[in-house]
Amino acid sequence: MQTNLDEPLEFLDIVASKGFWNDNTVQARRTACKKFFDILDEDQKNVEYVRDNLDVIKGRYMNLNKDAAGATVDEYGRRVKLVLDEFVEWKADRSGWEKKNAAKQTARPPEGQKKSRAEKPSAQASTGTNGAGHDDTKPPSRTVTFPLRPDFDLTITLPRDGITVEELKRLPYFLLPYARDWEPSQSQRGVFNMLES
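These numbers come from a predicted model, not from an experiment.

(A) Quick look at helix 5 (residues 70-92). Helix length check: helix 5, at 23 residues, gives a terminal C-alpha distance of 33 Å against a target of 33 Å (1.5 Å per residue), a fit within 8%. Taken together, the buried positions of helix 5 are occupied by Thr72, Val73, Glu75, Tyr76, Gly77, Arg79, Val80, Val83, Leu84, Glu86, Phe87 and Trp90.

Here is the structure:
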């Protein structure tokens, strides 16, 4: 039996109204779903078709929207898959899904409270090093840690001699598709207008 695509959209309404996901997350995921669902033929507007043919739909969307970058379409695809997977799990066992979702939320420490952090990694490379403490096949590097959230540190390996401002400017564009509340139809330059000014 096929499941109409109206149902996962209703699921998004429910999880937003009940506070399971925040409004920005729901809006970004709804937008991605609508963009893909709107190009489907009537007989394709079901959960099973979309889950089994996501790559086909992405290709069609790119052909119909010449200005859509590959990373944008990939992000739409990731969001659609996430919604459908969560919807199927929720439909099969709503109580179990709600408990699992609540567990994810309660695993985060309270606002303003920092989780204890593990030892910072050594700045020297740990494999393939010579007596000087660096890998002879790669430029010397150092690892830095950025406290992204109270419960998560972002670790980056940088060249020991640092990076240029031009190299730094490219980094946000690389990371942007991983932002869960970024709307891919929004201009990257608009997001990073400070860098572009």
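(B) How the structure looks around the packing of helix 2 (residues 23-37) against helix 5. Two elements in contact, helix 2 and helix 5, have axes separated by 8 Å at closest approach and are oriented at 105°. Here helix 2 lies roughly perpendicular to helix 5, going by the angle between them. Here Ala28, Arg29, Ala32, Cys33, Lys35, Phe36 and Phe37 of helix 2 come into contact with helix 5, specifically with Val73, Tyr76, Gly77, Arg79, Val80, Leu82, Val83 and Leu84. Its residues placed into classes, the contact of helix 2 with helix 5 shows 11 nonpolar, one polar and three charged.

(C) Examining the pattern of salt bridges more closely. Applying the stated rule across the entire model yields 10 salt bridges. Notably, a salt bridge pairs Glu42 with Lys45, separated by 3.5 Å at the nearest N-O pair. You can call Lys45 partly exposed: its relative accessible area is 27%. Note that Lys58 is salt-bridged to Asp55, the shortest N-O span being 3.9 Å. Remark: Asp55 and Lys58 occur in helix 4 (residues 54-64); sequence separation between them is three residues, near one turn of the helix.

(D) The pairing of strand 2 (residues 152-159), seen in detail. Note: strand 1 (residues 141-149) against strand 2, eight bridges, orientation antiparallel. Residue Phe146 lies in a different strand from strand 2, and its bridge partner there is Leu154.

(E) View of the nonpolar core. Core analysis: the biggest nonpolar cluster contains 29 residues, and Phe36, Phe37, Val50 and Val80 have the highest contact counts within it. Put simply, the parts of the chain that give this core at least two residues each are helix 1 (6-17), helix 2, helix 3 (47-52), helix 4 and helix 5. Broken down by element, the residue count for this core peaks at seven residues, all from helix 5. Every residue in contact with Val80, bar those within four places of it in the chain, is listed here: Ala32, Cys33, Phe36, Phe37, Val50 and Leu54.

(F) Fine view of the packing of aromatic side chains. Evaluation of the coordinates by the stated rule reveals 10 aromatic pairs. Aromatic pair Phe20 and Trp97: ring centres 5.4 Å apart, planes at 75°, arrangement edge-to-face. Highlighted residues: Phe20 in the loop between helix 1 and helix 2 and Trp97 in helix 6 (residues 94-106), separated in sequence by 77 residues. By relative accessible area, which is 2% here, Trp97 ends up buried. Here Tyr61 and Tyr76 contribute two aromatic rings whose centre-to-centre distance is 5.8 Å and whose plane-to-plane angle is 85°, an arrangement assigned as edge-to-face. Of this pair, Tyr61 sits in helix 4 while Tyr76 sits in helix 5, and the two are 15 residues apart along the sequence. For the pair formed by Tyr61 and Tyr76, the shared burial category is buried. Linked through ring pairs, Phe11, Phe20, Trp21, Phe87, Trp90 and Trp97 together constitute an aromatic cluster. Here the guanidinium or amino end of Arg29 rests over the ring plane of Trp21, the centre of that ring lying 4.5 Å away.

Here is what the cut-offs are and how they apply
Residues numbered from 1 in each chain as written. Predicted model: local features only at pLDDT ≥ 70, side-chain atom pairs only at ≥ 80, totals over all residues. Heavy atoms only, no water. Helix = DSSP H or I, 4+ residues; strand = E, 2+ residues; numbered from the N terminus. Expected span 1.5 Å × (residues − 1). Buried < 20%, exposed > 50% of the residue type's maximum accessible area, 1.4 Å probe, protein only. Axes fitted to C-alpha atoms, helices over the stretch in contact; angles between N-to-C directions. Parallel < 35°, antiparallel > 145°, perpendicular 65-115°, else oblique. Contact = heavy atoms within 4.5 Å. Nonpolar A, V, L, I, M, F, W, Y, C, P; charged D, E, K, R; others polar. Salt bridge = Lys/Arg side-chain N within 4 Å of Asp/Glu carboxyl O. Pairing = 2+ DSSP bridges. Core = buried A, V, L, I, M, F, W, Y, C linked by side-chain atoms within 4.5 Å. Phe/Tyr/Trp six-rings, centres within 6.5 Å; stacked < 30°, edge-to-face > 60°. Lys NZ or Arg CZ within 6 Å of the ring centre and 35° of its normal.

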